[in-house]
Amino acid sequence: MIDGSRLPAWTLRLGDCLAVMAELPSSSIDLVYMDPPFNSGMKRQGRAGLAFDDRFESLQKYREFLAPCLAEARRVLRPTGSILVHVDWRSSHHVRLMLDSAFGEGNFVNHIVWSYGLGGSGPRSFARKHDDILFYGCSDCYWFEPPKVPARSVRLKGRMKKATDVLDIPAINNMALERTGWPTQKPLALLELLVRACCPPGGTVLDPMCGSATTLAAAVKAGRNAVGIDRSPQAIAIARQRLLATTALEALAELTPRPLALQVPAGPVPVEPGLLRTA
Ligand SMILES: C[S@@+](CC[C@H](N)C(=O)[O-])C[C@H]1O[C@@H](n2cnc3c(N)ncnc32)[C@H](O)[C@@H]1O
């Protein structure tokens, strides 16, 4: 029997994120990661009819949708907490100004570029191959542990170095095992890096528009608690399956015996007299 009791807790809630976040106590969350619709003007289609609506009447309507979500995120975050808002070229400049208002422009930390390399190109522009992740702290005392990534330079080859604000992580390909079919699913590797960097071990991550629960799965793997909200019943069903599988795999990993570290004492090994044998 697998004992999952030592694993971090996760909670999923179906509903509008504003209404559900209103039920969360103030100063209770360490990290909010928010991956909202991008205002692409499309219905985002995934596998087998899975979809969510990314159409807003105007930019103003998009701002009116997002502004109260950012304010509510600020309320639930601890003073040592932080927020990561994942957007793209369509709205990152607007959302940055909205975050300045909600968190204070002095609390801006990074404009992270997630460079994924997948997708097409047009004849009239440089190919768009990145998303923008805006990182704000709630105060000067936000928690942060610089993540490490494999070094690329010939000099440091094989070693790890501190990550920069450009993260080179491939998008999920069609054959990837982690693919759930939910449209615009983000890669687990990206979320694991962000969660480990911005949420303390044992802390709590909130994803108010969690889709297929990539953030929550990353949190469970990283030993953080997680709360996810989505207004789509299909997303919540996928998220639940995924988190049950992730929790079971992590519990199995806990049970897998690891080699005992051999402790070799320095100097001559003491021999207890009772163990001495004479021939
Ligand atoms: C870009 S997707 C999130 C994808 C997710 N990061 C993943 O890896 O699967 C945006 C999600 O926001 C949800 N959503 C949009 N408006 C919402 C709202 N007001 N409350 C809760 N969820 C919302 C959509 O249903 C969709 O699943």
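Reading guide: rules and limits
Residues numbered from 1 in each chain as written. Predicted model: local features only at pLDDT ≥ 70, side-chain atom pairs only at ≥ 80, totals over all residues. Helix = DSSP H or I, 4+ residues; strand = E, 2+ residues; numbered from the N terminus. Buried ≥ 20, exposed ≤ 12 C-beta atoms within 10 Å, placed from the backbone. Axes fitted to C-alpha atoms, helices over the stretch in contact; angles between N-to-C directions. Left-handed = near helix turned anticlockwise from the far one by under 90°. Contact = placed C-beta atoms within 7 Å. Nonpolar A, V, L, I, M, F, W, Y, C, P; charged D, E, K, R; others polar. Near = placed C-beta within 6 Å. Pairing = 2+ DSSP bridges. Parallel < 35°, antiparallel > 145°, perpendicular 65-115°, else oblique. pLDDT = per-residue confidence, 0-100. Expected span 1.5 Å × (residues − 1). Core = buried A, V, L, I, M, F, W, Y, C linked by C-beta atoms within 7 Å.

1. Focus on the overall build of the chain
Working step 1: Within the chain, the regular secondary structure consists of six helices and twelve strands.
Working step 2: Each of the 279 residues in the chain was classed as buried or not, and the buried ones make up 35%.

2. Some words on the packing of helix H2 (residues 59–76) against helix H3 (residues 92–103)
Working step 1: Contact geometry for H2 and H3: axes closest at 10 Å, N-to-C directions at 35°. Handedness of the crossing formed by H2 with H3: right-handed. When H2 is examined against H3, the residues Leu59, Arg63, Leu66, Ala67, Leu70, Ala71 and Arg74 are found in contact with a partner set consisting of His94, Val95, Met98, Leu99, Ala102 and Phe103.
Working step 2: Grouping the constituent residues of the contact of H2 with H3 by class yields ten nonpolar, one polar and two charged.

3. Some details on the site of the ligand
Working step 1: Around the ligand, the structure places 19 residues, and the nearest of them are Cys17, Met209, Gly211, Ser212 and Thr214.
Working step 2: Class assignment for the residues of the shell around the ligand results in eight nonpolar, six polar and five charged.

4. Here we look at the pairing of strand S4 (residues 51–54)
Working step 1: Here four bridges tie strand S3 (residues 42–45) to S4, and the two strands are oriented antiparallel to one another. Bridge pairing in S4 links arginine 44 to phenylalanine 52.
Working step 2: In this structure, the hairpin formed by S3 and S4 is closed by a connection of five residues, where alanine 48 is found at a positive phi of approximately 50°.

5. Some words on helix H5 (residues 214–221)
Working step 1: In terms of burial, H5 is largely enclosed, as eight of its eight residues are buried.
Working step 2: Buried within H5 are the following residues: Thr214, Thr215, Leu216, Ala217, Ala218, Ala219, Val220 and Lys221.
Working step 3: Elements that come into contact with the buried residues of H5 comprise strand S1 (10–14), strand S2 (29–34), helix H4 (188–198), strand S11 (204–207), strand S12 (225–230) and helix H6 (233–255).

6. Here we look at the packing of H5 against H6
Working step 1: Two numbers describe how H5 lies on H6: the axes approach to 10 Å, and their chain directions differ by 15°. Classified by the angle between their axes, H5 and H6 sit roughly parallel to one another. Our pair here, H5 against H6, has a crossing hand that is right-handed. Here H5 contributes Leu216, Ala217, Val220 and Lys221 to the contact with H6, which in turn contributes Ala239, Arg242, Leu243, Thr246, Thr247 and Glu250.
Working step 2: Here the residues of the contact of H5 with H6 sort into five nonpolar, two polar and three charged.

7. Here's the deal with the confidence of the model for the chain
Working step 1: Scored by pLDDT, the chain has a mean of 90; 90% of the residues are at 70 or more.
Working step 2: The low-confidence segment residues 269–279 (pLDDT under 50) makes one contact with residues lying over four places distant or belonging to another chain.

8. As for unusual backbone geometry
Working step 1: Residues other than glycine seldom take positive phi values, yet threonine 184 does so here, at roughly 60°.
Working step 2: Assignment of secondary structure puts threonine 184 in the loop between strand S10 (166–168) and H4.
Working step 3: Judged by the 19 C-beta atoms lying within 10 Å of it, threonine 184 falls in the partly exposed class.

9. Side note on H6
Working step 1: With 23 residues, H6 should reach 33 Å at 1.5 Å per residue; the first-to-last C-alpha distance of 33 Å fits that figure.
Working step 2: Burial in H6 covers these residues: Ala235, Ile236, Ile238, Ala239, Arg242, Leu243 and Thr246.
Working step 3: Against the buried residues of H6 lie S1, H5 and S12.

10. Section: the nonpolar core
Working step 1: Residues Val32, Ile83, Leu194, Val195 and Leu216 are the most contacted members of the largest nonpolar core, which totals 63 residues.
Working step 2: Look past the residues within four positions of leucine 216 in its chain and what remains in contact with it is Trp10, Asp207, Cys210, Ala226, Gly228, Ala239 and Leu243.

11. Topic: the pairing of strand S5 (residues 77–87)
Moving residue by residue along a regular strand, the side chains alternate between the two faces of the sheet.
Working step 1: For S5, the tally of buried residues reaches nine of eleven residues, placing the bulk of the element in the interior.
Working step 2: Across six bridges, S5 lies against strand S7 (residues 130–137) in antiparallel orientation. Paired with valine 85 across the bridge in S7 is leucine 134.

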